[in-house]
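The chain contents come next:
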Amino acid sequence: MAQVDVPLVRSQFGQTSRADNWWVQPVAVFLGLSAFIVYSTWAALQGQHYRFGPYLSPFYSPELIGDPLLAWFGAKPDWMPAWVTAAVLVLWAPGGFRVTCYYYRGAYYKAFWADPPSCTVGEPRKKYLGERSFPLILQNVHRYFLYLALVFLIFLAHDVWQAFWFDGRFGIGVGTLVLLTNVTLLSCYAFGCHSLRHLAGGFRNRLASAPVQKQAYDCVSCLNRRHMLFAWCSLFSVAFSDVYVRMCSMGVWTDWRIL
């Protein structure tokens with residue numbers, strides 16, 4: 001079969017022959033992620049209204065400092081800066097998991113760095129060193145952030161269990177369902193992680209001779225197929241969970257008791 005060599009031509013930034021609205025997705029990703037970053041940063045620095053009854057905002061879980069009776073280490077020490085809150089002490093772990101996530105890498109590379117802004121669209125830089133060079137080589141710590149994220153799911157699941165108890169009596173409120181939905185979506189996102197799939201497969205490159213690892217790999221792959229969907233749904237749910245607890249704590253919303 002005859003072959004034709006097509007020379008690679010570096011186009012100008014934004015130059016493309018595409019006729020579709022290719023810019024819609026990166027702009028939407030930019031706005032969505034920017035909104036979450038701004039809100040989560042503000043909420044983490046607040047240090048207030050993160051508890052309401054048995055509900056604890058996922059931004060502040062586990063609560064290391066804060067409530068003298070409920071926090072792991074009691075009240076916040078006087079010598080600690082005002083900007084250091086319970087959320088600041090813990091959000092670096094789930095935040096690092098998302099920042100280094102394989103899906104989010106592709107999303108924010110396009111939306112924030114325009115690298116490239118979309119397929120077959122000219123990018124602003126002429127040189128690409130890849131993820132084997134600094135600083136992108138730091139993305140390789142993703143699997144270790146995965147281990148931390150799995151531990152945090154245990155804390156969040158415990159928070160959901162606590163949300164079923166009102167003054168020592170079993171009950172279900174709207175907030176209970178909000179926190180339960182959040183931990184479910186976060187679990188689907190974490191358990192569909194590419195690194196977890198590799199871990200479940202026994203770190204093997206070939207699974208033909210390992211039927212048990214192959215089944216585990218396929219099980220994670222079921223969630224991995226919808227990794228993007230769970231990434232966005234869990235991002236929304238964790239932010240909404242904080243909003244819900246905050247609004248109830250401030251007296252803006254009423255937590256309706258279902259049971």
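One can find the structure itself at the top, above this paragraph.
In this report, the structure presented in the accompanying data block is examined. (Residues numbered from 1 in each chain as written. Predicted model: local features only at pLDDT ≥ 70, side-chain atom pairs only at ≥ 80, totals over all residues. Heavy atoms only, no water.)

## Quick notes on the side chain of Asp 242
Test applied: Strands are runs of DSSP state E lasting at least 2 residues, helices are runs of H or I lasting at least 4, and numbering of each runs from the N terminus. In the analysis that follows, any N or O atom pair within 3.5 Å is treated as a polar contact, provided that within protein one partner can donate a hydrogen and the other can accept it, and provided that, for residues neighboring in sequence, both atoms belong to side chains. Contacts are assigned to residue pairs that have any heavy atoms within 4.5 Å of one another.
When you line up the elements, Asp 242 lands in helix 9 (residues 227-249). A distance of 2.4 Å separates a polar atom in the side chain of Asp 242 from a polar atom in the side chain of Tyr 39. A distance of 2.6 Å separates polar atoms of two side chains, one belonging to Asp 242 and the other to Ser 57. Apart from residues no more than four positions distant in its own chain, Asp 242 is found in contact with Tyr 39, Ala 43, Ser 57, Pro 58, Phe 59 and Tyr 60.

## As for the nonpolar core
Note the following rule: We define the nonpolar core as a collection of buried residues of types Ala, Val, Leu, Ile, Met, Phe, Trp, Tyr and Cys that are connected through side-chain atoms lying within 4.5 Å of one another. Throughout, exposure labels follow a simple rule: accessible area from a 1.4 Å probe, protein chains only, divided by the maximum for the residue type, with under 20% read as buried, over 50% as exposed, and the rest as partly exposed.
Counting residues in each nonpolar core, the largest one holds 52 residues, and the members touching the most others are Tyr 55, Tyr 60, Phe 97, Tyr 104 and Tyr 189. For this core, the secondary structure elements donating two or more residues are helix 1 (24-46), strand 2 (55-56), helix 2 (86-90), helix 4 (102-111), helix 5 (142-162), helix 6 (174-191) and helix 9. Setting aside its immediate chain neighbours within four residues, Phe 97 contacts His 142, Phe 145, Leu 146, Ala 149, Tyr 189, Ala 190 and Cys 193.

## A short note on the layout of surface pockets
Stated precisely, the cut-off is as follows: Only protein atoms enter the 1 Å grid, on which a cavity is a set of points fitting a 1.4 Å probe that cannot get out and a pocket is an open set with protein on both sides within 12 Å along at least 5 of 7 lines, lining residues being those with an atom within 4 Å of a point. Grid points are joined across faces, edges and corners, and a volume is the space filled by probe spheres set on the points. Classification used: nonpolar for Ala, Val, Leu, Ile, Met, Phe, Trp, Tyr, Cys and Pro, charged for Asp, Glu, Lys and Arg, polar for all others including Gly.
As a volume, the largest pocket reaches approximately 750 Å³. Phe 36, Leu 91, Pro 94, Gly 95 and Arg 98 are the residues nearest the centre of the largest pocket, which is lined by 31 residues in total. Only helix 1, helix 2, helix 3 (92-99), helix 4, helix 5, helix 6 and helix 9 provide two or more residues apiece to the lining of the largest pocket. Residue classes in the lining of the largest pocket are distributed as 26 nonpolar, 4 polar and 1 charged. Approximately 470 Å³ is the volume found for the second largest pocket.

## Description of the packing of helix 6 against helix 9
Operational definition: What counts as an axis is a line fitted to C-alpha atoms, over the stretch in contact for a helix, and the angles between N-to-C directions run from 0 to 180 degrees. Each angle gets one of four labels, with under 35 degrees taken as roughly parallel, over 145 as roughly antiparallel, 65 to 115 as roughly perpendicular, and the rest as oblique. By definition, any crossing whose near helix is turned counterclockwise from its far helix by less than a right angle is left-handed, and any crossing with a clockwise turn is right-handed.
In the contact formed by helix 6 and helix 9, the axes pass within 8 Å of each other and the chain directions differ by 150°. In terms of axis orientation, helix 6 runs roughly antiparallel to helix 9. The handedness of the crossing between helix 6 and helix 9 comes out as left-handed. From helix 6, Val 174, Gly 175, Val 178, Leu 179, Asn 182, Leu 185, Leu 186, Cys 188 and Tyr 189 reach across to helix 9, where they touch His 227, Phe 230, Ala 231, Cys 233, Ser 234, Ser 237, Val 238, Phe 240, Ser 241 and Tyr 244. Residues that form the contact of helix 6 with helix 9 fall into these classes: 13 nonpolar, 6 polar and no charged.

## Some words on the packing of aromatic side chains
Put simply, the rule is: Any two of the Phe, Tyr and Trp rings considered here, Trp counted by its six-membered ring, make a pair once their centres fall within 6.5 Å; the pair's planes then place it as stacked at under 30 degrees, edge-to-face at over 60, or tilted in between.
Counted according to the given criterion, the structure contains 24 aromatic pairs. A centroid spacing of 6.3 Å and a plane angle of 75° characterise the contact between Phe 36 and Phe 59, whose relative ring orientation is edge-to-face. One end of the pair, Phe 36, is in helix 1; the other, Phe 59, is in the loop between strand 2 and helix 2, with 23 residues separating them in the sequence. Members of the aromatic cluster, joined through ring pairs, are Phe 97, Tyr 103, Tyr 104, Tyr 189 and Trp 232.

Read these as spatial facts, not as claims about activity.
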